[in-house]
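# Chains, contacts and geometry: an overview
Chain by chain, the residues run as shown.
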Protein chains: 2
Amino acid sequence: MKIITCVAPVNIAVIKYWGKRDEELILPLNDSISATLNIEHMCAKTTIMASSNFKENKIWLNGKEESFQNPRLSNCLKELKKRSQTQSDVINWNIHVCSENNFPTAAGLASSAAGYACFVYALAKLYEVEGDVTYIARQGSGSACRSIYGGWVQWHAGALKDGSDSIATQIVPASHWPEMRVVILVVSDSQKKNSSTNAMKRSAATSKFLEYRIKHIVPERTEKMIQAIKDRDFETFATITMKDSNQFHSVCLDTFPPVKYMNETSFIIVDLIHTYNEFRGSTKVAYTFDAGANACLYLLEEDVPEVISLIQNAFPTNTDHVEYFRGIPVTEQELSEELKKTINISKQDPGMLKYIIHTNVGEGPQILGENEHLLNDVGLPKK
Amino acid sequence: MKIITCVAPVNIAVIKYWGKRDEELILPLNDSISATLNIEHMCAKTTIMASSNFKENKIWLNGKEESFQNPRLSNCLKELKKRSQTQSDVINWNIHVCSENNFPTAAGLASSAAGYACFVYALAKLYEVEGDVTYIARQGSGSACRSIYGGWVQWHAGALKDGSDSIATQIVPASHWPEMRVVILVVSDSQKKNSSTNAMKRSAATSKFLEYRIKHIVPERTEKMIQAIKDRDFETFATITMKDSNQFHSVCLDTFPPVKYMNETSFIIVDLIHTYNEFRGSTKVAYTFDAGANACLYLLEEDVPEVISLIQNAFPTNTDHVEYFRGIPVTEQELSEELKKTINISKQDPGMLKYIIHTNVGEGPQILGENEHLLNDVGLPKK
């Protein structure tokens, strides 16, 4: 019997991945770049146990048993076995997998990236796989490959047909830009979710803008973004981040039938950030939106108190403070009358934001001690 | 003293105009195509009186006196005087202009196109101007040039620096496709309006997608659209109409900072139409959205009753029937259980639509009789 428990982080892209050139291998049409978020505030935690006693592979996700008959899961498993260096029998045993997120999945925050990164990372340790595993994580969920590293990460589209060069690499570690903060505004949203796999497929099939973006915009933007990160040039970083988020949603709208992820609240946030940046006379905050209504803000530590107050002002809440503010403790700051007057915030109805996560850029996946296992001695979920 | 009263129609583009290559002359970056709507249901009505007694030019818009010191107004006036064939003194006299719309301007339905078309058309009659006046109407409000003709109209971007080839021409008259109907869903919307002049300027300056659209998409689409109209090929017409509307809003989102016109209700309508077309197994209805949240549906006469019922089902109203349904009388049709079940319409809260206008494609501007004058004998508004 062998058991291991790992945690893996969430990542938020600043150059967006949208569209595959190979559905099966999950090969993207363009490079993408993301920051890996602090594992303490948001992560997937996975225990894998391999045992000669297990009659079949089993998986529990967030407390619910799911089918293991999932091609993405079995592809990852197969690839890892192929690469295993172990002398033991472990790769011939069945496995039990138990995984959970430390943040509500209902929030619509990409949890599959952290989940697959964690699964692949843990299994690679169990099977003693050496070297790059990002191309394996990619086959679980595209952006999962970026969660294999901490700091700032680039997922290279690659050019080879077998996808072996479509891997993630670290641009710089988290410590390179320690002042960077991330504020996630979890937006109340009732619209039915468009599966991003299907939506991407439809974009690739119908949007000429996507084709143009891939060929003529992303390559240059990626280079500029890498330089901005290396230079810790916040203004350039923030401007590209916002433009790329907008362009991704623009492509969604150019898709036929169109795909819509942002809602009214999302656009109120966009307006608020632009107005605030204008008031400050330079770009102090960047927004970015993934395949959902939640806003993710990138900003520097020194601007967090004012921006949090600004958001509190625009989006009142009835939720209690501890429940509402998660992650790094926030101190609010009285807004100046000038700011209030210039921005002329129109207060929204309470409840448009569910809660706020304040976090930073962090490290890649980690192995936890044996007290942390989610499976008991016989390989069943502890809870 | 000379007096004339005219009415001019609204037009709704199916290939969108977005972006100018010359701000002063109002020269567009691309060709556009529209249908002119029935003057009976939506129009601007304008009386112009010229008199040697008038000390200055005056204008009343929808009952309110406005300044005549408007470069667009004076440009149109200047151009018309230049082209005048009259032997009389009329062009040396000052004018009083009184103009009103027969539909609420608050609805956000482009009223400036009808207004400027009416002003230019009426003044052209007063000054005895022969030949094309669309290039003059264009200088009032770009899309006004398309309201100078009835039926289906193309506004040619033109290539000349002085804009003399940027004119509108009729593709086919209204009678060419008599079954075509237009249903305008006036959407309740509280968002502040983005001036389309400023938004266009920003798109032209920041959106690479707009540049691509102009060069590589609109020319081909325009050709296909003209053919579809000539062939009365509804499916092709409808598909291009929807794609072009989506792409215009996609460009708005790719603009930096982004521009947003459609709201949640607009997107519910988009979804409803796609679901309905899918249910019917072919494209029976097209939506298009201008610089606002209102939906304009193009469909054939035979499909109006079912589509109206579908909308009634999705968007309940508390407004009384007469107030709510305007234009051509509508007969609703019981929705089949199969349709209700397949579409699975989720009922919205009442009041998301303000009212519905049912109209068709109609004729260009017309001269009215003397009973219709909006100015009295001394050149003041009757009301």
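Residues numbered from 1 in each chain as written. Chains lettered and ligands numbered in written order. Predicted model: local features only at pLDDT ≥ 70, side-chain atom pairs only at ≥ 80, totals over all residues. Heavy atoms only, no water.

## Quick look at the environment of V259 of chain A
All names here are of chain A. Following the sequence through the fold, V259 ends up in the loop between helix 6 (234-254) and helix 7 (264-280). Spatially, the C-alpha atom of V259 lies 30 Å from that of L310, the residues being 51 residues apart in sequence. With sequence-adjacent residues up to four places away left out, V259 is seen in contact with N194, A199, R202, C252 and L253. (Helix = DSSP H or I, 4+ residues; strand = E, 2+ residues; numbered from the N terminus. Contact = heavy atoms within 4.5 Å.)

## Structural notes on empty space enclosed by the protein
Applying the stated criterion across every chain yields a total of 2 cavities of 30 Å³ or more. In this structure, the largest cavity occupies an estimated 190 Å³ of space. Considering the residues around the largest cavity, the lining is formed by 19 residues, among which L253 and F267 of chain A together with L253, K260 and F267 of chain B are closest to the centre. At the level of secondary structure, the elements contributing two or more residues to the lining of the largest cavity comprise helix 6 and helix 7 of chain A together with helix 6 (234-254) and helix 7 (264-280) of chain B. Examining the composition of the lining of the largest cavity, we find that 3 residues originate from one element, helix 6 of chain B, more than from any other. Residue classes in the lining of the largest cavity are distributed as 11 nonpolar, 4 polar and 4 charged. (1 Å grid on protein atoms, 1.4 Å probe; cavity = no way out; pocket = protein on both sides within 12 Å on 5 of 7 lines; lining within 4 Å. Points joined across faces, edges and corners; volume = space filled by probe spheres on them. Nonpolar A, V, L, I, M, F, W, Y, C, P; charged D, E, K, R; others polar.)

## Here's the deal with the packing of helix 5 (residues 208-231) of chain A against helix 5 (residues 208-231) of chain B
One can describe the packing of helix 5 of chain A onto helix 5 of chain B by two numbers: an axis separation of 11 Å at closest approach and a directional angle of 115°. Handedness of the helix 5 of chain A/helix 5 of chain B crossing: right-handed. Contacts between helix 5 of chain A and helix 5 of chain B involve K208, F209, Y212, R213 and I217 of chain A on the former and, on the latter, K208, F209, Y212, R213 and I217 of chain B. Taken together, the residues that form the contact of helix 5 of chain A with helix 5 of chain B break down as 6 nonpolar, no polar and 4 charged. (Axes fitted to C-alpha atoms, helices over the stretch in contact; angles between N-to-C directions. Left-handed = near helix turned anticlockwise from the far one by under 90°.)

## Comments concerning the pairing of strand 1 (residues 2-9) of chain B
Within a regular beta strand, the side chains point alternately toward one face of the sheet and then the other, so they alternate between its two faces. All names here are of chain B. Burial runs high along strand 1: 6 of the 8 residues are buried. Two strands pair when backbone bridges link them, and strand 1 and strand 6 (residues 43-51) are joined in this way by 8 bridges, in the antiparallel orientation. Opposite C6, over in strand 6, you have T46 as the bridge partner. Here strand 1 pairs with strand 17 (residues 366-367) via 2 bridges, running antiparallel. Each bridged residue has a counterpart across the sheet, and for C6 the counterpart in strand 17 is I367. (Buried < 20%, exposed > 50% of the residue type's maximum accessible area, 1.4 Å probe, protein only. Pairing = 2+ DSSP bridges.)

## A few points about the sheet that holds strand 14 (residues 295-300) of chain A
All names here are of chain A. Reading across the sheet, the 5 strands line up as 13-14-12-16-15 and stay open at both edges, with mixed pairing between neighbours. Strand pairing shows two members of the sheet lacking a second neighbour, strand 13 (285-289) and strand 15 (325-327), which therefore form its edges. Taken over all neighbouring pairs, the strand axes of this sheet differ in orientation by 25° on average, direction set aside. Where strand 15 lies against strand 16 (residues 353-360), 3 bridges are found, and the strand directions are parallel. Opposite F325, over in strand 16, you have I356 as the bridge partner. Sheet strands in contact with helix 6 are strand 12 (180-187), strand 13 and strand 14, and its direction is about 25° off that of strand 13. Where helix 7 meets the sheet, it contacts strand 12, strand 13, strand 14 and strand 16, and its direction lies at approximately 160° from that of strand 13.

## Quick look at the interface of chain B and chain A
Contacts between chain B and chain A engage 29 residues on the former and 29 residues on the latter. The largest contributions to the chain B side of the interface with chain A come from F209, L253 and F256 of chain B, which together make up 27% of the buried area. Across the contact surface, chain B and chain A share 2 salt bridges. Note that E264 of chain A and K260 of chain B form a salt bridge whose closest N and O atoms lie 3.2 Å from each other. At the surface where chain B touches chain A, the tally comes to 6 residue pairs in polar contact (both at pLDDT 80 or more). Listed by contribution, the elements that provide at least two residues to the side of chain B that touches chain A are helix 5, helix 6 and helix 7 of chain B. Across the side of chain B that touches chain A, the residue classes break down as 13 nonpolar, 8 polar and 8 charged. (Buried area = accessible area lost by both parts, 1.4 Å probe. Salt bridge = Lys/Arg side-chain N within 4 Å of Asp/Glu carboxyl O. Polar contact = N/O pair within 3.5 Å; in protein donor to acceptor, adjacent residues only side chain to side chain.)

## As for the nonpolar core
Of all hydrophobic cores here, the largest spans 212 residues; its most connected members are F237 of chain A together with F237 of chain B. Those residues in contact with F237 of chain A that sit more than four places away from it in its chain are V14, W152, W177, M180, M225, A228, I229 and Y298 of chain A. In terms of nonpolar packing, the next biggest core, distinct from the first, is built from 38 residues, I26, I217 and V259 of chain A together with W155 of chain B among them. (Core = buried A, V, L, I, M, F, W, Y, C linked by side-chain atoms within 4.5 Å.)

## Side note on the domain arrangement of chain A
Residue and element names in this part refer to chain A. What the domain assignment reports for chain A is domain 1 (2-174 + 363-372) and domain 2 (180-360). Relative to domain 2, the C-alpha centre of domain 1 lies at a distance of 26 Å. Across the contact, 30 residues belong to domain 1 and 45 residues belong to domain 2. Both faces considered, domain 1 and domain 2 share a buried interface measuring about 3000 Å² in area, 71% of it formed by carbon and sulfur atoms. The largest share of the area that domain 1 buries against domain 2 comes from V14, K16 and W18, three residues that together contribute 27% of it. Remark: the boundary between domain 1 and domain 2 carries 1 salt bridge. The partner of D290 in a salt bridge is K16, with the nearest N and O atoms 2.6 Å apart. (Domains from an automatic or database assignment.)

## Some words on the environment of N371 of chain A
All names here are of chain A. Its location among the elements puts N371 in the segment after strand 17 (366-367). Classification of N371 as exposed rests on a relative accessible area of 72%. Distance in space between the C-alpha atoms of N371 and T5 is 9.3 Å, their sequence separation being 366 residues.

## Focus: the relation of the copies chain B and chain A
Between chain B and chain A, which share one sequence, the superposing operator has a rotation angle of 180° and an axial displacement of 0.0 Å; the RMSD is 0.0 Å. Put plainly, the chains are arranged around a two-fold axis. Rotation axis and chain B: the residue whose C-alpha lies nearest the axis is S250 of chain B, separated from it by 2.2 Å. The residues that chain B uses at the interface reappear at the interface of chain A in 100% of cases, marking a shared surface. (Least-squares fit on C-alpha atoms with pLDDT ≥ 70 in both.)

## Here we look at the pattern of salt bridges
Applying the stated criterion to the full structure yields 37 salt bridges over all chains. Across the pair E128 of chain B and K2 of chain B runs a salt bridge, and its minimum N-O distance is 3.7 Å. Of the two residues, E128 of chain B sits in the loop between helix 2 (112-126) and helix 3 (134-138) while K2 of chain B sits in strand 1, which places them 126 residues apart along the sequence. When the shortest N-O distance is used, the salt bridge between K82 of chain B and E79 of chain B registers 3.5 Å. With K82 of chain B and E79 of chain B both in helix 1 (residues 71-83) and 3 residues apart, this pair spans about one turn of that helix. Look at K82 of chain B and you get exposed, because its relative accessible area is 60%. Residue class for E79 of chain B comes out buried when judged on its relative accessible area of 13%. One salt-bridge network, in which partners are shared between bridges, spans E56, K58 and E65 of chain A.

## A word on helix 5 of chain A
Residues and elements named next belong to chain A. The end-to-end C-alpha distance of helix 5, which contains 24 residues, comes to 33 Å, matching closely the 34 Å that a straight helix rising 1.5 Å per residue would cover. In the structure, helix 5 departs most strongly from a straight axis at I217, where the bend amounts to approximately 45° and where the proline P219 lies between one and four residues downstream. One side-chain oxygen of the residue at the start of helix 5 lies 3.2 Å from the amide nitrogen of F209, identifying that residue as S207. Phi turns positive, to about 50°, at R232, one or two residues after helix 5. (Expected span 1.5 Å × (residues − 1). Bend = angle between axes of the 7 residues up to and from the residue.)

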